[in-house]
Structure formats: C-alpha cells, structure tokens
Amino acid sequence: MLYMKKSVLLLSLVFTVSTVAAFGFQGFQQDRSRAALIDLSGTITASGGGGFSSSGITPEQVRDLNDQAVNQGADAIIYEINSGGGAIVASKEVYREIEDVDVPTVCRFRDVAASGGYMIALGCDEIVADSASLTGSI
C-alpha cells in the first residue's frame, strides 16, 4: 500500500512538472538586447595620426568605437559625456559620427557637458542629464 501511494505521488509530481514545463512558459521570451557604453571624457580635439588620444575625444576615436559597438551586435549606444568642449570643427565631426550611427543613441551628461561637449550630444536621439551636471555655453 505504501509503495502504491509513493507511485501515485511520484506520477502526480511528474505530471505537474511536465504540464508546467509544457504550458507555463509558452509566452515567455528573454530579452537579449545589448547596449554599448562609450565613455567620452576630456577635451575634444582633431584626429591625430594614431586615432586614439590618451586624453581627449577625437572624431576618429568615436568612429572606431561606434564601429566596434555595431559590429559586436549592440542594439543601442549610450555615450557618457564629461567634457568642457574643445575644437569646434572636431566637435562638429564628433556630432556627425554620433548622428550617423544606425542604432538608437543616448547621451548621458556626467559632471560637465559644456560647449563642444553639449554640441556632440545633439547628435543623440535622447539626452539625459543630472540636475547637478554643468551644461550649456554653446
């Protein structure tokens, strides 16, 4: 008799688990979206020979980082901007590099996004700033 109760209990458990597995997760889909985070800190300068500046932001650097993000399957790009600006032509070029990206973009202002730092953010689809971020002066 005890053996029969255990068998019925085990069959009930198996039936319940298989029913939940078959029907319980039918509409469930896991979101696999990925966003790239690109740090743009420092003075905005014209592209140099190597493309990457040890301190600062160059149009070539932003182009290369955008390409890397898209090639690695990013569904969006978030730029964290912390810059008081720099060269005006370089700022316009960085703005164009951001504007030309084919995925949604968000610019997040850190401590400072002034002058050219603000200008490059205008290439983004959305801009987010903390109330304590220093911004403007364009």
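Residues numbered from 1 in each chain as written. Predicted model: local features only at pLDDT ≥ 70, side-chain atom pairs only at ≥ 80, totals over all residues. Heavy atoms only, no water.

A. Representation of the side chain of Ser83. The topology assignment puts Ser83 in strand E2 (residues 76–83). Setting aside anything within four residues of it in sequence, one finds Ser83 in contact with Gly42, Thr43, Ile44, Ile57, Val112, Ala113, Ala114 and Gly117. (Helix = DSSP H or I, 4+ residues; strand = E, 2+ residues; numbered from the N terminus. Contact = heavy atoms within 4.5 Å.)

B. How the structure looks around the packing of helix H2 (residues 59–71) against helix H3 (residues 88–99). Contact geometry of H2 with H3 gives a least axis separation of 8 Å together with a crossing angle of 10°. With respect to each other, H2 and H3 are oriented roughly parallel. Contact with H2, carried on its side by Pro59, Val62, Arg63 and Asn66, involves Ala90, Glu93, Val94, Glu97 and Ile98 of H3 and no other residues of that element. When its residues are assigned to classes, the contact of H2 with H3 shows five nonpolar, one polar and three charged. (Axes fitted to C-alpha atoms, helices over the stretch in contact; angles between N-to-C directions. Parallel < 35°, antiparallel > 145°, perpendicular 65-115°, else oblique. Nonpolar A, V, L, I, M, F, W, Y, C, P; charged D, E, K, R; others polar.)

C. Summary view of H2. Between its first and last C-alpha, H2 extends 18 Å over 13 residues, near the 18 Å set by a 1.5 Å rise per residue. Listed in full, the buried residues belonging to H2 are Pro59, Gln61, Val62, Asn66 and Ala69. An end-on view of H2 places all buried positions within 155° of arc, on one side of the element. Against strand E1 (35–41), E2 and H3 lie the buried residues of H2. Two residues or fewer after H2 comes Gly73, characterised by a positive phi angle close to 90°. (Expected span 1.5 Å × (residues − 1). Buried < 20%, exposed > 50% of the residue type's maximum accessible area, 1.4 Å probe, protein only. Arc of directions from axis to C-beta.)

D. Spatial organisation of the state of the cysteines. Scanning the model with the defined rule gives one disulfide in all. Bridging Cys107 to Cys124, the disulfide has an S-S length of 2.2 Å. Between Cys107 and Cys124 the disulfide shows an S-S torsion of about 55°. By sign, it is right-handed. Within this pair, whereas Cys107 is found in strand E3 (residues 105–114), its partner Cys124 is found in the loop between helix H4 (116–121) and strand E4 (126–129), the two being separated by 17 residues in sequence. Since its relative accessible area comes to 0%, Cys107 is described here as buried. A relative accessible area of 10% places Cys124 in the buried class. (Disulfide = S-S within 2.5 Å.)

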